[in-house]
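Structural features, examined
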Amino acid sequence: MSEDEELRRILERKKAELLSQASQGAEAGEGPRVVDLTDRDFEEFLRSHRAVVVDFWAPWCAPCFLVSPIIDELSLRYDKVAFARVNADENPVTASKYYVLSLPTVMFFLDGEEVDRVVGAVPEEELEERVQWLASKL
Amino acid sequence: MARVKALMLGIDGLSYKFFMKCSASTLLTLLDTVFRGVVENRDLQHPAAAWASALSGRPVRLTGFLQEVPSLPILEEVRGVLINVPLTDPTAGLVRIRMDQSTGLEAEIDSVREAALEALEEGPAIVGLTALERLKSYDVCSAYKAIDKLVRDLVNAADNFILFSPYGHPLQQGSGFDPYGVYLATVPRPKEHETVKVWEIGELLRKIINKNLS
């Protein structure tokens, strides 16, 4: 293995540890357990958590601000599910890869695969139903 | 010539994040039916700075209240009636409220509603509501429901309106406000895929008035 390859693996392992610690730290605290992800760490986050809910948003998107507090609250109630947020403007690679064409879009992943998505601002019950389903698969 | 019934209603501290949680029906309906956007304001979070910027069409950096209302370009041009605008302390215009805990939300809303409805009979009204940033503690959903009713009454009385908040909800640590505020209006925001800057709001009011006069 080359030094570069070894360094890359160490960095990736470290990043996964940090992401995991960030989630656990939030669990211990009182704030929402939602991790901000970028194009650089999105896939790693998916790989390191079995059930993931991702809220795609942008600062100019008013309905996104209706959904984000719901995601924050759900993150506090479902500690086996990992919650993340992606600014679609700043992370176009991820948004484009998952065909996020409208905002807000909330995506649900199980074992790295998309299993559901909700587009637009919907009531908390609709999102919670899906999170419950996701949690039931763990 | 009849003057335009245009309303610029600024509610300091109003945030989208409580619209659904508090079932604010008028605000949710407006979100679905009129032009919408997000005001982004990170460094003009003093009420006087935010409002002076909105009424000047450019960023105005202030760290305290003004002694009196200065000559502001957009204010001069639209000749709107000022009501409870926090450029000064007490607020400026037909309703004057101290920027402290001495006036409750309901009392402020009642005074503002009466003055604004009367002013809109004659022409443009520039109206502020400050309780969400002034008061240290209140039940958020009760406050949003009361504001929702005020918005319904004032929007119904106006031909055109801009409802905005120059910044969002106060942050828990007491260090300023959420930088994201509300923009709901009968005029679209300047750029579809960008946030609205607080100094662009007065220009949008001018656009409403000029459009109605032409």
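Structure shown above.
It should be emphasised that the depicted structure is a prediction, and the values quoted were computed from it without experimental measurement.

Reading guide: rules and limits
- Residues numbered from 1 in each chain as written.
- Chains lettered and ligands numbered in written order.
- Predicted model: local features only at pLDDT ≥ 70, side-chain atom pairs only at ≥ 80, totals over all residues.
- Pairing = 2+ DSSP bridges.
- Helix = DSSP H or I, 4+ residues; strand = E, 2+ residues; numbered from the N terminus.
- Axes fitted to C-alpha atoms, helices over the stretch in contact; angles between N-to-C directions.
- Contact = placed C-beta atoms within 7 Å.
- Buried ≥ 20, exposed ≤ 12 C-beta atoms within 10 Å, placed from the backbone.

Considering the sheet that holds strand 3 (residues 82–87) of chain A
Residue and element names in this part refer to chain A. The five strands are arranged 1-3-2-4-5 in an open sheet whose pairing can be described as mixed. In this open sheet, the two edge strands, each paired with only one partner strand, are strand 1 (34–37) and strand 5 (113–119). Adjacent strand axes in the sheet meet at a mean angle of 25 degrees, parallel and antiparallel pairs treated alike. Relative to strand 3, strand 1 is paired through four bridges, and the arrangement is parallel. Of the residues in strand 3, the one forming a bridge with valine 34 is phenylalanine 83. Sitting on the sheet, helix 3 (residues 64–77) touches strand 1, strand 2 (51–57), strand 3 and strand 4 (105–110), and the angle it makes with strand 2 is about 160 degrees.

Remarks on helix 2 (residues 47–56) of chain B
All names here are of chain B. Burial analysis of helix 2 places nine of its 10 residues in the buried class, the great majority of the element. Those residues of helix 2 that sit buried are Pro47, Ala48, Ala49, Ala50, Trp51, Ala52, Ser53, Ala54 and Leu55. Phi turns positive, to about 80 degrees, at glycine 57, one or two residues after helix 2.

Some remarks on the environment of arginine 134 of chain B
Residue and element names in this part refer to chain B. Along the chain, arginine 134 turns up in helix 5 (residues 131–134). Residue classification places arginine 134 among the buried positions, given that 23 C-beta atoms sit within 10 Å. In the structure, arginine 134 is positioned 56 residues away from proline 190 in sequence and 30 Å away in space, judged by C-alpha atoms. Discounting residues that sit within four places of it in the chain, arginine 134 has contacts with Met99, Asp100 and Gln101.

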